[in-house]
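What the coordinates show
As a plain string of letters, each chain reads:
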Amino acid sequence: MKDIGTQLYLVSPLDVGGEFPRRLERALTAGEGLVTAFQYRVKGIDQHEAARLAEPLQKICADCEVAFIVNDSVSLARRIGADGVHLGQRDDPARDARDELGPTAQIGVTCHASRHLAMEAGEAGADYVAFGAFFPSTTKDTVQDRGEAERPTPELIEWWTNLFEIPAVVIGGITPDNCAPLVRAGADFLAVSGGVWAGDEVAAVQAFGEAIEKSGPGRDSK
């Protein structure tokens, strides 16, 4: 994953069969130089099926020089030779994932709105920390949407990027219309799912590119 300006980190919908490989290819082609990572997120299927569905998507990402990151499962990431894994707070610790996947794997950790969790993740060797959900999300049920935790603010991103070199990913209901404060705060990556896949993926990626350009260079401006 690159850390130049604010870029897009696409997160898959749960249904990655059918037309989705072609949609992914169109999105990555439209986002050349803007989309630098893709998170493979599937639920409720066995690992054999998950690996089968991942194969064409992983090839598309490799052809486009986009990092292929597996959500939650270190064992699946190892099995398919993914570029990395994204871990939630209930998943394997970052240090254990590093031991399993090796020194070149990209390891990200969900930190919600917590400075403490982010600093812990950095100390454990995470390659990026993910804050969110910033806005109500239709992609997944979040503790913020259930009223169980505070929602992060752009000030959290500004604090992090002023103090630490580890890239900050922001996630949760992000669209071209609401991303500007996060870009200005210095977010390295906008992680988006419904904001791209809920409609025309090419138009959405292009709209994100325009919104990022209008908002400024992100961390580079600091």
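Look up: the structure comes first, before these words.
Residues numbered from 1 in each chain as written. Predicted model: local features only at pLDDT ≥ 70, side-chain atom pairs only at ≥ 80, totals over all residues. Heavy atoms only, no water.

1. Quick look at the side chain of Ser193
Applicable threshold: Secondary structure elements follow DSSP: runs of H or I no shorter than four residues count as helices, runs of E no shorter than two count as strands, and numbering proceeds from the N terminus. Relative accessibility under 20% of the residue-type maximum defines a buried residue, over 50% an exposed one, and the middle range a partly exposed one, all with a 1.4 Å probe and only protein chains included. Definition of a polar contact: a pair of N or O atoms within 3.5 Å, with one able to donate and the other able to accept a hydrogen when the atoms are protein atoms, and with sequence-neighbouring residues admitted only if both atoms are side-chain atoms.
Turning to its location among the elements, Ser193 is positioned in the loop between β8 (189-192) and α8 (194-197). Exposure remark for Ser193: the relative accessible area of 9% places this residue in the buried category. A polar atom in the side chain of Ser193 sits 3.0 Å from the backbone oxygen of Val11.

2. Some details on the layout of surface pockets
A water-sized probe rolled over the atoms picks out the places where empty space is left. The following threshold applies: A 1.4 Å probe that fits but cannot get out identifies a cavity on a 1 Å grid over protein atoms alone, an open set with protein on both sides within 12 Å along at least five of seven lines counts as a pocket, and a residue lines either if it has an atom within 4 Å of a point. Grid points are joined across faces, edges and corners, and a volume is the space filled by probe spheres set on the points. Amino acids are sorted into nonpolar (Ala, Val, Leu, Ile, Met, Phe, Trp, Tyr, Cys and Pro), charged (Asp, Glu, Lys and Arg) and polar (every other residue, Gly among them).
What the second largest pocket holds in volume is close to 230 Å³. In terms of lining residues, the second largest pocket is bounded by 13 residues, among which Gln89, Pro93, Ala94, Val109 and Ala121 are the most central. Secondary-structure elements contributing two or more residues to the lining of the second largest pocket are α4 (94-101) and α5 (115-123). Considering every element that reaches the lining of the second largest pocket, the biggest residue donor is α5, with three residues. Grouping the constituent residues of the lining of the second largest pocket by class yields seven nonpolar, two polar and four charged.

3. Things to note about the packing of α5 against helix α6 (residues 154-163)
Each packed pair of helices is defined by two parameters, the angle between the axes and the distance between the axes. Threshold: To define axes, lines are fitted to C-alpha atoms, for helices over the stretch in contact only, and angles between the resulting N-to-C directions are given on a 0 to 180 degree scale. Left-handed is the label given to a crossing in which the near helix is rotated counterclockwise from the far helix by less than a right angle, and right-handed is the label when the rotation is clockwise. Should any heavy atoms of two residues lie within 4.5 Å, those residues are counted as being in contact.
For the pair α5 and α6, interaxial distance at closest approach is 12 Å and the crossing angle is 30°. As for the relative orientation of α5 and α6, their crossing is right-handed in sense. Contacts from Arg115, Ala118 and Met119 of α5 reach α6 at Leu156, Trp159 and Trp160.

4. Brief notes about the packing of aromatic side chains
Rules: Two rings belonging to Phe, Tyr or Trp (six-membered ring only in the last case) form a pair when the distance between their centres is within 6.5 Å. Interplanar angles under 30 degrees mark stacking, angles over 60 mark edge-to-face geometry, and anything in between is tilted. The criterion for a charge sitting over a ring is simple: Lys NZ or Arg CZ within 6 Å of the ring centre, and within 35 degrees of the ring normal.
Applying the stated criterion across every chain yields a total of nine aromatic pairs. Arranged with centres 5.7 Å apart and planes meeting at 85°, the rings of Tyr9 and Tyr128 form a pair that is edge-to-face. On the criterion of sequence distance, the pair formed by Tyr9 in strand β1 (residues 7-11) and Tyr128 in strand β6 (residues 128-132) is long-range, its members being 119 residues apart. Pair check on accessibility: Tyr9 and Tyr128 agree, each one buried. Among the aromatic residues, those joined into a ring-pair cluster are Phe20, Phe38, Tyr40, Phe68 and Trp197. Residue placement shows Arg115 over the ring face of Trp159; its charged tip is 4.5 Å from the ring centre.

5. Points about the sheet that holds strand β3 (residues 67-71)
As a reminder, the rule being used: Two strands qualify as a pair provided DSSP detects at least 2 bridges between them.
Strand order around the closed barrel formed by eight strands is β1-β2-β3-β4-β5-β6-β7-β8, with parallel pairing between neighbours. Across the sheet, the mean angle from the axis of one strand to that of its neighbour is 25°, orientation sign disregarded. Two strands pair when backbone bridges link them, and strand β5 (residues 106-112) and β6 are joined in this way by four bridges, in the parallel orientation. Across the sheet, Gly108 pairs through a bridge with Tyr128, a residue of β6.

6. What to know about the pattern of salt bridges
For clarity, the threshold we go by: Think of a salt bridge as a Lys or Arg side-chain nitrogen and an Asp or Glu carboxyl oxygen that are within 4 Å of each other.
Counted under the stated rule, the structure contains eight salt bridges. Close ionic contact of Glu201 with Arg26 constitutes a salt bridge, the shortest N to O distance being 2.8 Å. Of this pair, Glu201 sits in helix α9 (residues 201-215) while Arg26 sits in helix α1 (residues 20-30), and the two are 175 residues apart along the sequence. Of the residues examined, Glu201 reaches a relative accessible area of 5% and is grouped as buried. On the basis of relative accessibility, which here comes to 39%, the residue Arg26 falls in the partly exposed class. The partner of Lys59 in a salt bridge is Asp63, with the nearest N and O atoms 2.9 Å apart. With Lys59 and Asp63 both in helix α2 (residues 47-63) and four residues apart, this pair spans about one turn of that helix. With respect to burial, Lys59 and Asp63 carry one shared label: exposed. Here the residues in one salt-bridge network are Arg23, Arg26 and Glu201, joined through shared partners.

7. A short note on the nonpolar core
Quick reminder of the rule: Here, the term nonpolar core denotes a set of buried Ala, Val, Leu, Ile, Met, Phe, Trp, Tyr and Cys residues that are joined through side-chain atoms within 4.5 Å.
Leu8, Leu10, Phe38, Tyr40, Phe68, Phe131 and Leu190 are the most contacted members of the largest nonpolar core, which has 64 residues in total. Here this core takes seven residues from α2, the largest share from any one element. Contacts of Phe131, omitting those with residues within four sequence positions, involve Cys111, His112, Ser114, Ala118, Pro152, Leu156, Ile157, Trp160, Ala168, Val169, Val170 and Ile171.

8. Structural notes on α2
Note that an α-helix has 3.6 residues per turn; residues three or four places apart therefore point the same way. Our working rule: A helix is expected to span 1.5 Å multiplied by its residue count minus one. Note on bend: at a given residue it equals the angle between the axes fitted to the 7 residues ending there and to the 7 starting there.
For α2, spanning 17 residues, the distance from its first C-alpha to its last is 24 Å, which sits close to the expected 24 Å at 1.5 Å a residue. The largest bend in α2 amounts to roughly 35° and is located at Glu55, with the proline Pro56 lying one to four residues further along. All buried positions along α2 are accounted for by Ala50, Ala51, Leu53, Ala54, Leu57, Gln58, Ile60 and Cys61. Along its buried surface, α2 packs onto α1, β2 (35-40), β3 and α3 (74-80). Of the residues flanking the end of α2, it is Glu65, one or two places downstream, whose phi is positive at about 55°.

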